[in-house]
Amino acid sequence: MEIQFLPGVGPKRAALLQKELNISTIEDLLRLYPFRYIDKSSFTRICDARPDMAYIQIRAKVLRVDLYGAGQQTMAQSGEGVKFNTVKRMSVWVTDGYGEMEMVFFKGIKWMHEKLKPGLEFIFFGKPTVFGTKINIVHPEVDTLTAEKLQMAGAGARMTGVYPSTEKLKNAGITGKVMNKMVDAALNKALGDFEESLPEYVLRQCGLVPLHFAIRNIHFPQDAAALEKAKYRLKFEELFYLQLSLLKQKYIRSRADNGIMMPKVGEAFNKCYESLPFPLTGAQKCVITEIRNDLKSGHQMNRLLQGDVGSGKTMVALLSALIAIGNGYQACIMAPTEVLAQQHFKNIQKLLAPTGVRAALLTGSSKTAERREVHQGIEDGSICILVGTHALLEDNVVFRNLGLAIIDEQHRFGVEQRSRLWNKSSVGVPPHVLVMTATPIPRTLAMTLYGDLDVSVIDELPPGRKPVQTIHATEGKRPALYNFMREQIALGRQVFVVYPLINETEKLDYQSLEAGAEDIMNKFPFPDYKTAVVHGKQQNDVKQFNMDAFVAGRANILVATSVIEVGVDVPNASVMVIESAERFGLSQLHQLRGRVGRGSEKSYCVLMTGHKMSKESKRRIELMCATENGFELADEDMKMRGPGDLEGTQQSGLPISLNIASLAKDGLILNAARDCADSILKADPTLHDDKNQLLRKELRKDKYQVKDYSKIS
Ligand code: ADP
Ligand code: MG
């Protein structure tokens with residue numbers, strides 16, 4: 001029912017509610033949940049009031065009323081003959097027998113003055129704040145003391161919800177109190193129309209309260225326990241249907257027989273495997289076996305490969321690609337940046353040498369002639385592995401028979417792009433897909449972004465790695481840092497010095513990089529030391545030349561912007577200096593640190609910061625010094641950034657938007673919801689059982705329509 005027909009609303013307020021809060025029906029109003037609650041169920045003693053408390057309720061008697069004019073001038077206390085338009089402030093002293101407190105008013109003074117007569121008792125409600133050495137409440141809500149209110153406060157009065165609001169709503173008289181009244185009216189009018197959206201047996205199995213109870217109590221909780229149950233139920237439901245729809249797709253796909261069949265390992269794989277420069281780790285072998293099984297299953301593979309920085313995902317990618325090639329198909333490997341695509345290509349070229357398989361590189365900066373040649377080779381099938389950036393997604397890239405698409409991604413790489421690769425195959429069957437996350441992302445986010453994928457984890461680093469020691473330092477320590485760098489270089493090691501590049505076009509960032517590079521070149525003079533500088537403003541060939549100098553060991557120091565963040569591999573580098581480390585996010589810091597500690601030498605990461613840091617920056621630096629575990633860091637990162645920042649993620653990658661649940665905070669509920677969804681689908685993959693009718697119906701609702709990525713063109 002339209003919101004304007006709710007008593008007390010009408011067309012004008014309805015229009016405003018629509019515009020400001022996107023509420024057009026009574027149902028919408030009931031689905032707008034409070035973001036906070038005010039507890040009016042008990043009184044606080046004045047002597048117990050603290051400024052860090054949220055809202056408190058005080059029952060107290062008025063002692064005296066002071067009026068102040070401009071410049072804090074005291075005015076007649078009785079108020080008789082006072083011109084109220086000259087009064088700037090009214091201070092009302094009250095006592096509850098345990099202490100005294102001041103209630104302060106700057107507005108509505110005349111009216112309050114009439115009401116708050118000395119000797120009378122009231123209920124005051126508001127947020128305690130510190131003023132000087134005392135605690136007061138500014139503009140408390142004031143209620144006369146009635147038997148009814150006392151009883152309510154005494155015996156489990158309900159908590160009141162606080163709803164999102166805007167200036168315009170307040171100006172139109174839609175205050176918190178009015179919202180509460182509207183919601184109350186809406187509950188009476190429309191709650192009966194809400195049909196239970198979870199099957200009875202799910203409620204029972206998962207210990208959930210019914211929908212009506214949940215909606216009533218999310219708005220007007222009977223008590224704290226009821227509120228918790230209501231929240232749990234609503235969050236569970238949201239996460240449950242999200243997981244159900246993701247998992248359903250996974251089940252459907254795993255039952256479909258449209259996967260490209262790759263029955264053998266093939267000669268290319270074997271030749272490459274025999275000449276690997278090192279034995280694979282146990283984890284790498286396991287993952288390759290999993291992939292191998294997928295490829296010969298007849299079902300399309302959709303697998304996520306998670307592995308911390310430096311765990312050796314590239315090798316897995318290459319060997320998987322070789323299986324596809326051994327079965328007569330092409331493969332592509334897509335990287336998030338040009339530098340990384342180039343490095344992949346080089347490494348792969350080396351490893352491919354004994355196999356005779358032809359690979360090519362395609363990036364945004366490939367020249368027209370090269371491009372044409374690559375397009376040609378891809379189309380006629382003479383090129384078997386194509387490595388590149390987003391350029392691979394362009395329409396004019398047509399494969400003869402793409403069998404496997406590998407995406408080496410940073411977590412910003414969206415599902416949309418994933419889906420575009422699926423349509424790159426001209427054989428009319430979707431290629432197998434392997435997504436590799438370069439950064440561990442929080443598990444809850446992974447379950448949602450990649451909830452439809454099978455997951456493999458590389459949980460073992462190649463042998464001989466030593467932990468990276470992480471140190472926090474400020475400017476005063478710079479001479480010591482430089483000495484330390486000299487020692488390391490004398491031992492034959494190499495050093496990264498990284499500057500933040502938050503914004504490619506930001507001049508300041510380049511200035512600090514250039515100043516920093518100059519300082520380094522002064523303190524580490526040529527020819528004793530060789531410094532290479534790499535940043536995004538350089539021509540590609542210059543960039544490549546400098547990068548190569550460092551990779552090949554001709555330069556001792558690489559001064560760079562965070563372009564090296566993703567994947568550069570220089571095992572001889574043992575020191576990573578991160579300048580202005582407070583400006584980097586946790587996952588970026590972790591990525592950067594992952595650039596060292598790849599060889600067998602002890603490595604160091606030095607986080608240089610200013611003295612002044614925000615609380616969050618400080619926490620990030622502490623965490624970095626405390627742990628090297630990427631998953632731990634990712635979870636912490638998400639907790640710190642909170643749901644606010646997640647909204648950005650939702651837009652960029654999440655298949656549906658969440659109303660009440662938070663991926664940052666509700667990991668446990670997410671687990672429970674996913675387990676429940678999984679067990680239901682295991683028993684009834686198509687949801688055709690009678691008892692699952694409701695699930696099928698709910699899944700068809702727009703809000704749960706997760707895109708079927710394989711069908712997006
Ligand atoms: P990431 O998972 O971060 O992409 P890479 O694939 O870049 O990691 O591998 C990191 C480094 O470890 C590379 O130098 C690679 O050659 C090396 N490496 C990979 N697998 C092994 C292994 N099994 N034994 C020793 N070194 C390995
Ligand atoms: Mg990598």
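Residues numbered from 1 in each chain as written. Chains lettered and ligands numbered in written order. Predicted model: local features only at pLDDT ≥ 70, side-chain atom pairs only at ≥ 80, totals over all residues. Heavy atoms only, no water.

## Digging into the pattern of salt bridges
Applicable threshold: The rule for a salt bridge is simple: a side-chain nitrogen of Lys or Arg has to be within 4 Å of a carboxyl oxygen of Asp or Glu.
A complete count under the given rule lists 23 salt bridges for this structure. Measuring nitrogen to oxygen at the nearest pair gives 2.8 Å for the salt bridge that ties Glu 698 to Lys 701. Several salt bridges share partner residues, and in doing so they unite Glu 196, Arg 233 and Glu 237 into one network.

## Thoughts on helix α14 (residues 368–380)
Filter applied, for reference: Put simply, DSSP marks the helices as runs of H or I at least four residues long and the strands as runs of E at least two long, and each gets a number from the N terminus on. For a helix, the expected span equals 1.5 Å multiplied by the number of residues minus one. Exposed residues in this analysis have more than 50% of their type's maximum accessible area, buried residues have under 20%, and partly exposed residues fall in between, with area computed by a 1.4 Å probe over protein chains only. This arc is built from the directions going out from the helix axis to the C-beta atoms. Residue contacts are defined here by distance: any two heavy atoms, one from each residue, within 4.5 Å place the two residues in contact.
Taking 1.5 Å of rise per residue, the 13 residues of α14 would be expected to cover 18 Å, and the 18 Å separating its terminal C-alpha atoms lies within 8% of that figure. Residues of α14 that are buried: Arg 371, Val 374, His 375, Gly 377 and Ile 378. In a view along the axis of α14, the buried residues occupy a sector of 165 degrees, so they form one face of it. Seen from the open side of α14, the exposed residues pointing more than 90 degrees away from its buried face are Ala 369, Arg 372 and Glu 373. Lining the buried residues of α14 we find β11 (330–334), β12 (359–362) and β13 (385–388). Just past α14, the residue Gly 381 takes up positive phi, approximately 85 degrees.

## Observations regarding the sheet that holds strand β5 (residues 121–126)
Basically, it comes down to this: If DSSP finds at least two bridges between two strands, the strands pair. Axes here mean lines fitted to C-alpha atoms, for a helix over just the part in contact, with angles spanning 0 to 180 degrees between N-to-C directions.
The strand order across the open sheet formed by 7 strands is β6-β7-β4-β3-β2-β5-β8, and the pairing between neighbours is mixed. The sheet is open, and its two edges are formed by β6 (128–131) and β8 (141–144), each paired on a single side. Pairwise comparison of adjacent strand axes, ignoring direction, gives a mean angle of 45 degrees for this sheet. Sheet analysis places β6 next to strand β7 (residues 134–138), joined by 4 bridges and oriented antiparallel.

## A short note on the packing of helix α20 (residues 586–593) against helix α21 (residues 615–626)
The line we're drawing: Note on convention: near helix rotated counterclockwise from far helix by under a right angle means a left-handed crossing. Clockwise means right-handed. In this count, Pro and Cys sit with the nonpolar residues alongside Ala, Val, Leu, Ile, Met, Phe, Trp and Tyr, while Asp, Glu, Lys and Arg are called charged and the others, Gly among them, polar.
Taken N-terminus to C-terminus, the directions of α20 and α21 make an angle of 35 degrees; their axes are 10 Å apart at the nearest point. Two packed elements cross with a definite hand, and for α20 against α21 that hand is right-handed. Within the contact between the two elements, α20 uses Leu 586, Leu 589, His 590 and Arg 593 and α21 uses Arg 620, Leu 623 and Met 624. Partitioned by chemical class, the residues of the contact of α20 with α21 number 4 nonpolar, 1 polar and 2 charged.

## So, the site of ligand 1
Heads up, the rule is: Throughout, near means a residue has at least one heavy atom within 4 Å of the molecule or strand. Whenever a nitrogen or oxygen atom comes within 3.5 Å of another N or O atom, the pair is scored as a polar contact, on the condition that within protein one atom can donate a hydrogen and the other can accept it, and that pairs from neighbouring residues in sequence are kept only if both atoms are in side chains. Here, Shrake-Rupley sampling with a 1.4 Å probe gives the accessible areas, and only protein chains in the shown set may cover a residue.
In the vicinity of ligand 1 lie 16 residues, with Gln 284, Gly 310, Lys 313, Thr 314 and Asp 569 positioned nearest. A distance of 3.1 Å is found between an oxygen atom of ligand 1 and a backbone nitrogen or oxygen belonging to Gly 312. Protein contacts shield 82% of the accessible area of ligand 1, which totals 570 Å² for the unbound molecule. Tallied by class, residues from the shell around ligand 1 come to 5 nonpolar, 6 polar and 5 charged.

## Topic: the sheet that holds strand β19 (residues 531–534)
Read from one edge of the open sheet, 6 strands run β17-β22-β21-β18-β20-β19, paired in parallel fashion. Both outer strands of the open sheet, β17 (468–474) and β19, are each paired with one neighbouring strand and no more. Neighbouring strand axes in the sheet, compared pairwise and without regard to direction, differ in orientation by 15 degrees on average. Sheet topology places β17 next to strand β22 (residues 603–609); 7 bridges connect them, and they run parallel. Bridge pairing in β22 places Val 468 opposite Ser 603. Helix-sheet contacts for α21 involve β17 and β22, and the interaxial angle to β17 is about 150 degrees.

## Structural notes on the environment of Thr 44
Its place among the elements puts Thr 44 in the loop between β1 (36–39) and β2 (56–68). The class of Thr 44 is buried, set by a relative accessible area of 18%. Thr 44 sits 15 residues away from Arg 59 along the chain, and the two C-alpha atoms are 7.9 Å apart. Those residues within four positions of Thr 44 in sequence are excluded, and the remaining contacts are Ala 49, Met 53, Ile 56, Gln 57, Ile 58 and Asp 96.

## Quick word on the confidence of the model for the chain
Threshold: Confidence scores labelled pLDDT are given residue by residue by the predictor and lie between 0 and 100.
Looking at the chain as a whole, the pLDDT averages 85, with 89% of positions reaching at least 70. The low-confidence segment residues 643–653, where pLDDT is below 50, has 13 contacts with residues more than four positions distant or belonging to other chains.

## Re helix α1 (residues 10–21)
A rise of 1.5 Å per residue sets the reference length of α1, with its 12 residues, at 16 Å; its end C-alpha atoms lie 16 Å apart and thus fit the reference within 8%. Taken as a whole, α1 has its buried residues at Gly 10, Ala 14, Leu 16, Leu 17 and Leu 21. End-on, the buried residues of α1 take up no more than an arc of 165 degrees, which puts them together on one face. Away from the buried face of α1 by more than 90 degrees, exposed residues Pro 11, Lys 12 and Lys 19 are located. Buried-residue contacts for α1 involve α5 (167–171) and α6 (176–190). Immediately beyond the C-terminal end of α1, within one or two residues, lies Asn 22, with a positive phi of roughly 60 degrees.

## A word on the side chain of Ser 91
Position of Ser 91 relative to the elements: it lies in strand β3 (residues 89–95). Given a relative accessible area of 0%, Ser 91 falls into the buried group. Side chain to side chain, Ser 91 and Trp 93 meet in a polar contact 3.2 Å long.

## Points about unusual backbone geometry
Omega for the peptide link from Phe 526 to Pro 527 comes to 5 degrees, which places this bond in the cis form. As for its placement among the helices and strands, Pro 527 is situated in the loop between α18 (507–523) and β19. Of note in this structure, His 139 is not a glycine but carries a positive phi near 45 degrees.

## Description of the environment of Val 357
Relative to the assigned elements, Val 357 resides in the loop between α13 (338–352) and β12. Through-space distance from the C-alpha of Val 357 to that of Cys 384 is 6.7 Å; in sequence the pair is 27 residues apart. Sequence-distant contacts of Val 357, defined by excluding residues within four places in its chain, comprise Ala 268, Leu 322, Ile 325, Leu 352, Cys 384 and Ile 385.

## Details of the pairing of β12
Using the following cut-off: For crossovers, right-handed means that the path from the first strand over the helix to the second runs clockwise, given strands pointing away from the viewer.
Judged from the 4 bridges that link them, β12 and β13 form a sheet pairing that is parallel. Following the sheet pairing, Ala 360 is matched in β13 by Leu 386. Once you follow β12 into α14 and on to β13, the crossover reads as right-handed.

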